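# Descriptive structure summary
Next come the chains, spelled out residue by residue.
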Protein chains: 2
Amino acid sequence: MIPQGNLSKQSLSLHRKLRGKIETKVKARLANARDLALTYTPGVAAVSKSIAKNCERAYKYTIKNNTVAVITDGSAVLGLGNAGPEAAIPVMEGKCAIFKNFAQVNAFPICLKTQNTSEIIKIIKNISPIFGGINLEDISAPRCFEIEKRLSQKLNIPVFHDDQHGTAIVVLAGVINALKVVKKRIKRIKAVINGAGAAGYAIAKLMHQMGANNIVMLDSKGIISRKRDYLYPHKKKLLKILAKNPAQGKIKEALKGADIFIGVSKGNLLKQGDIKIMNGKPIVFALANPEPEIMPDLAKRGGAVIVATGRSDFPNQINNALVFPGFFRGLLDARAARVTDQMKLSAARALADLIKKPSLNNIIPSIFDRRVVPSVAGAVKAQR
Amino acid sequence: MIPQGNLSKQSLSLHRKLRGKIETKVKARLANARDLALTYTPGVAAVSKSIAKNCERAYKYTIKNNTVAVITDGSAVLGLGNAGPEAAIPVMEGKCAIFKNFAQVNAFPICLKTQNTSEIIKIIKNISPIFGGINLEDISAPRCFEIEKRLSQKLNIPVFHDDQHGTAIVVLAGVINALKVVKKRIKRIKAVINGAGAAGYAIAKLMHQMGANNIVMLDSKGIISRKRDYLYPHKKKLLKILAKNPAQGKIKEALKGADIFIGVSKGNLLKQGDIKIMNGKPIVFALANPEPEIMPDLAKRGGAVIVATGRSDFPNQINNALVFPGFFRGLLDARAARVTDQMKLSAARALADLIKKPSLNNIIPSIFDRRVVPSVAGAVKAQR
């Protein structure tokens, strides 16, 4: 792994050199007057007229069939927080580059200057005609839930919030294989999720869909339960699927007897001793970035048998990039109008299935495994 | 020229084959984990942090330095009128392809689902962070005037409405050279502009800036003057620069003694005899598309010495594509915050100057002339 200081320096210099990690490219030939007459006026009028008669034909004649908007308001950029739309550009460009590189999906970044929920919904609805799908990105909770929900109702193209669903799908894939290794069944385990933002919320929901029924969740104030004074609406909703009567308290109380810990909040949170409170053969997903909730070696010394992180310099990297390129490839190929829970579960299973014999340090495929995108895409298409 | 029927058929088939005349392309290498760490997380965080400190750095590190939004609301698509945002996609894609092919500018189409003026302004403002310039396109008059004006005030990136300014600049370039051929001076001529929409409005203003002071303009109701009962605000504004006491009536009354006719409304409007009413050595710019106000052979038989059209199958093609690629190349290279009248005049002169010895059938360069983009760009940059 490159030391963080060098990495920053090298990344700045690479960005200065590239001045844009993506660009547009012309597919039509424009070498002479005839090319222009076919591609632009007057020939293009026939195409416009045809689409004017039936909007759906935009899929047949234009970029819409293979183009996704990657949209943020800059309110939750990486670990940097509310950094603003301009600071989000390089992250969105990176995402768009991954979309194209791994799944041949055209993705274009849109960074919004407003953080007002209804304004964002209105804007996305109004810019949607050219896009075949919307990937929401780095929008802070709880606004992201309402934005995604209302857009999914309003638009007839799929809307996917990667920080929620991309994360939940890849985490579930890792959980499926980790449980195979330790020979536990998802219906029987106690799972602890630390962090009740976009990622934690979606992970809890998807794991519950998969059969988990003893999930204990924590936010910055501690274990979420009916006994808490005030809860945000989205956390209140979670009460229905969380363990009915969890212990009260903080992370230590939650970890007692837990089979798996999933951390999606901030780094450097757990000590070696905390792992010892857990049930036998504990699994630790320490996914905070760049600093995990607990470093893998420490977790192992505490007794963890399987450790996963978000980092590429340790085994078992749980990375959204395993999901979103293939997921949208599938949505676009199927011309799906919306994202369903079945698609998410199916994608998670397909991703897990790529590892024929999961083992301690091999529960999830690499993003450079060429089977990943077609598997995820196929799973999504099959559920359309 | 390809017959219109064949052209439509061939254009539909080309579009069906391409399914998108532009696409995105990845400039960064993404071959291994180190590439990902530099291009995306965790390396990209350093770039985001730097931009968060100073928004201007987006020009240094991202696609913003070389990217333009081509934005329409689908209200005035080619000659098709209010065809809607989806029908506008192929036209906007064509424009974006021309931007890249001729001037290496990344251009991305945005087709809006709303035709409400203040909503459009709000949306464009809010999606502006990733763009280095805004090209407004096919937005109907008079809304286009307010949208352009208010956006130019609000944004610190240049806003250019091609139907106005692109047209005005290329027309003025043609006028400059046509007047050289017939040895008349712009201050002395009587000019008739038929059509008071986006193009006519901007042509009148730019020709006046250049020194023309006897401009007679017509809309669908006839000659525009103080004597008319009601005038739209933008036409009222024009009264200041139009001939003070024009004849009353329609096109025939206007053409009496005119040195140049500029048509930017609809085709098949003039007869051979109408040209005979004009002054000696009349110039006819019959720019309606695809059918000109009068066919060139007919105009010539009526006595016109120079005829220009918007079509590629006749000499003297007056085509916006001669302007917008180079104009934005110049704006982006100079990192201009706005478009000025001096830039427009300077671009028109530069374009005209490319024809060393203008003649009856050679008043304007071809879009395939490689000097066009650098000349226009240079002229814009020089006026920054």
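The residue numbers shown here count from 1 along each chain, following its written sequence. In the order they appear in the text, chains get letters beginning with A and ligands get numbers beginning with 1. Thresholds applied to this predicted model are a pLDDT of at least 70 for local features of residues and 80 or more for the giving and counting of side-chain atom pairs; totals over whole chains, interfaces and linings are not thresholded and use all residues. Side-chain descriptors were evaluated using all non-hydrogen atoms of the structure, hydrogens and water having been removed beforehand.

Counting secondary structure elements, chain A contains 16 helices and eleven strands. Restricting the calculation to C-alpha atoms gives the radius of gyration, and the globule rule supplies 2.2 Å times the number of residues raised to the power 0.38. Expected size for 384 residues packed as a compact globule is a radius of gyration near 21 Å; at 22 Å, chain A falls within 12% of this value. Along the longest, intermediate and shortest principal axes, the C-alpha atoms of chain A span 75 × 45 × 40 Å. Each residue is assigned to one of three classes by its accessible area relative to the maximum for its type, calculated with a 1.4 Å probe on protein chains only: buried under 20%, partly exposed between the two thresholds, exposed over 50%. Relative to its full complement of 384 residues, chain A shows a buried share of 63%. Should any heavy atoms of two residues lie within 4.5 Å, those residues are counted as being in contact. Taking contacts inside chain A between residues at least 6 apart in sequence as the whole, the part at least 24 apart equals 67%. Note that accessible areas follow from Shrake-Rupley with a 1.4 Å probe, and for residues the cover is restricted to the protein chains shown. When the accessible surface of chain A is totalled, it reaches about 14,600 Å², and 49% of it is carbon and sulfur. Each helix is a run of DSSP H or I of at least 4 residues and each strand a run of E of at least 2, with the numbering of both proceeding from the N terminus.

Attention now moves to the sheet that holds strand E8 (residues 222-223) of chain A. Residues and elements named next belong to chain A. What the six strands build is an open sheet, ordered E8-E7-E6-E9-E10-E11; its pairing is mixed. Single-partner strands in this sheet number two, and they are E8 and strand E11 (306-309). Between N-to-C directions, angles cover 0 to 180 degrees, with each direction set by a line fitted to C-alpha atoms, over the stretch in contact for helices. Helix H8 (residues 162-182) contacts strand E9 (260-263), strand E10 (283-286) and E11 of the sheet and is inclined by roughly 160° relative to E10. Its contacts with the sheet put helix H9 (residues 198-209) on strand E6 (191-194), strand E7 (215-219) and E9, and the angle it makes with E7 is roughly 175°. At least two bridges found by DSSP between two strands is the condition for calling them paired.

Moving on, we get to the pattern of salt bridges. Salt bridge criterion: a side-chain nitrogen from Lys or Arg within 4 Å of a carboxyl oxygen from Asp or Glu. Inspection of the entire model under this criterion finds 38 salt bridges over all chains. We note a salt bridge from Lys252(B) to Asp274(B), for which the minimum N-O separation is 3.5 Å. On the criterion of sequence distance, the pair formed by Lys252(B) in helix H11 (residues 251-255) and Asp274(B) in helix H12 (residues 272-276) is long-range, its members being 22 residues apart. Judged by its relative accessible area of 5%, Asp274(B) is buried. Each of Glu23(A), Lys25(B) and Lys100(B) takes part in one network of salt bridges that share partners.

In superposing the copies, a least-squares fit is computed on C-alpha atoms, taking residues whose pLDDT is at least 70 in both. Rotating chain A by 180° about the axis while translating it 0.0 Å along that axis superimposes it on chain B, leaving an RMSD of 0.0 Å. These values place the two chain copies in the arrangement generated by a two-fold rotation axis. Within chain A, Thr24(A) has its C-alpha nearest the rotation axis, a separation of 2.3 Å. In this assembly, 100% of the residues forming the interface of chain A have copies in chain B that are likewise at the interface, indicating an isologous arrangement.

Residues and elements named next belong to chain B. Close contact between helix H6 (residues 117-127) and helix H7 (residues 143-154) brings their axes to 10 Å; oriented N to C, the two are set at 35°. Handedness of the crossing formed by H6 with H7: right-handed. Touching Thr117, Ser118, Ile120, Ile121, Ile124 and Lys125 of H6 are Arg143, Glu146, Ile147, Arg150, Leu151 and Lys154, all from H7. Asp, Glu, Lys and Arg are counted as charged, while Ala, Val, Leu, Ile, Met, Phe, Trp, Tyr, Cys and Pro are counted as nonpolar; the rest, among them Gly, fall into the polar class. Taken together, the residues of the contact of H6 with H7 break down into five nonpolar, two polar and five charged. Should the near helix be turned anticlockwise from the far one by less than a right angle, the crossing is left-handed, and should it be turned clockwise, the crossing is right-handed.

So, about a positive patch on the surface. Residues and elements named next belong to chain A. The grouping of Lys149, Lys205, Lys237 and Lys240 at the surface amounts to a positive patch. With respect to the secondary-structure elements, Lys205 resides in helix H9. Looking at Lys205, the relative accessible area reads 38%, which means it is partly exposed. Patch membership requires more than 30% relative accessible area and the absence of a salt bridge. Residues of like charge join within 9 Å; the nonpolar side chains Val, Leu, Ile, Met, Phe, Trp and Tyr join within 5 Å. When charges are counted, neither His nor the chain ends are considered; positive counts come from Lys and Arg and negative counts from Asp and Glu. A charged residue contributes its charge at one atom only: NZ of Lys, CZ of Arg, CG of Asp or CD of Glu.

Residue-level contacts link 94 residues of chain A with 94 residues of chain B. Accessible area, probed at 1.4 Å, shrinks when two parts are joined; the buried area is that loss added up over both. Between chain A and chain B lies a buried interface of about 9,100 Å² when both sides are counted; carbon and sulfur atoms form 69% of it. At the junction of chain A with chain B, the criterion picks out six salt bridges. Of the charged contacts, one joins Lys100(A) and Glu23(B) as a salt bridge, the two residues approaching to 3.0 Å between their closest N and O atoms. A 3.5 Å cut-off defines polar contacts: any pair of N or O atoms within that distance qualifies, except that in protein one atom must be a possible hydrogen donor and the other a possible acceptor, and neighbouring residues in sequence count only when both atoms are side-chain atoms. Linking chain A with chain B are 39 residue pairs in polar contact (both at pLDDT 80 or more), by the criterion used here. Among the secondary structure elements, those contributing two or more residues to the side of chain A that touches chain B are helix H1 (4-18), strand E1 (22-26), helix H2 (33-39), helix H3 (44-53), helix H4 (58-61), helix H5 (85-103), strand E3 (106-111) and helix H6 (117-127) of chain A.

Attention now goes to the pairing of E9(A). Residues and elements named next belong to chain A. Here E9 shows two buried faces, one formed by Ile260 and Ile262 and the other by Phe261 and Gly263. Where E6 lies against E9, four bridges are found, and the strand directions are parallel. Opposite Val192, over in E9, you have Phe261 as the bridge partner.

So, on to the confidence of the model for chain A. Note: pLDDT gives the predictor's confidence per residue, expressed from 0 to 100. Averaged over every residue, the pLDDT of chain A is 96; the share at 70 or more is 99%. Here the prediction assigns the complex a pTM of 0.96, and the interface score ipTM is 0.96.

Attention now moves to H6(B). Of the residues making up H6(B), those classed as buried are Thr117(B), Ile120(B), Ile121(B), Ile123(B), Ile124(B), Asn126(B) and Ile127(B). At its buried positions, H6(B) is contacted by E3 and H6 of chain A together with strand E2 (67-72), strand E3 (106-111), strand E4 (133-136) and H7 of chain B. The backbone nitrogen of Ser118(B) has a side-chain oxygen 3.1 Å away, supplied by the residue at the start of H6(B), namely Asn116(B).

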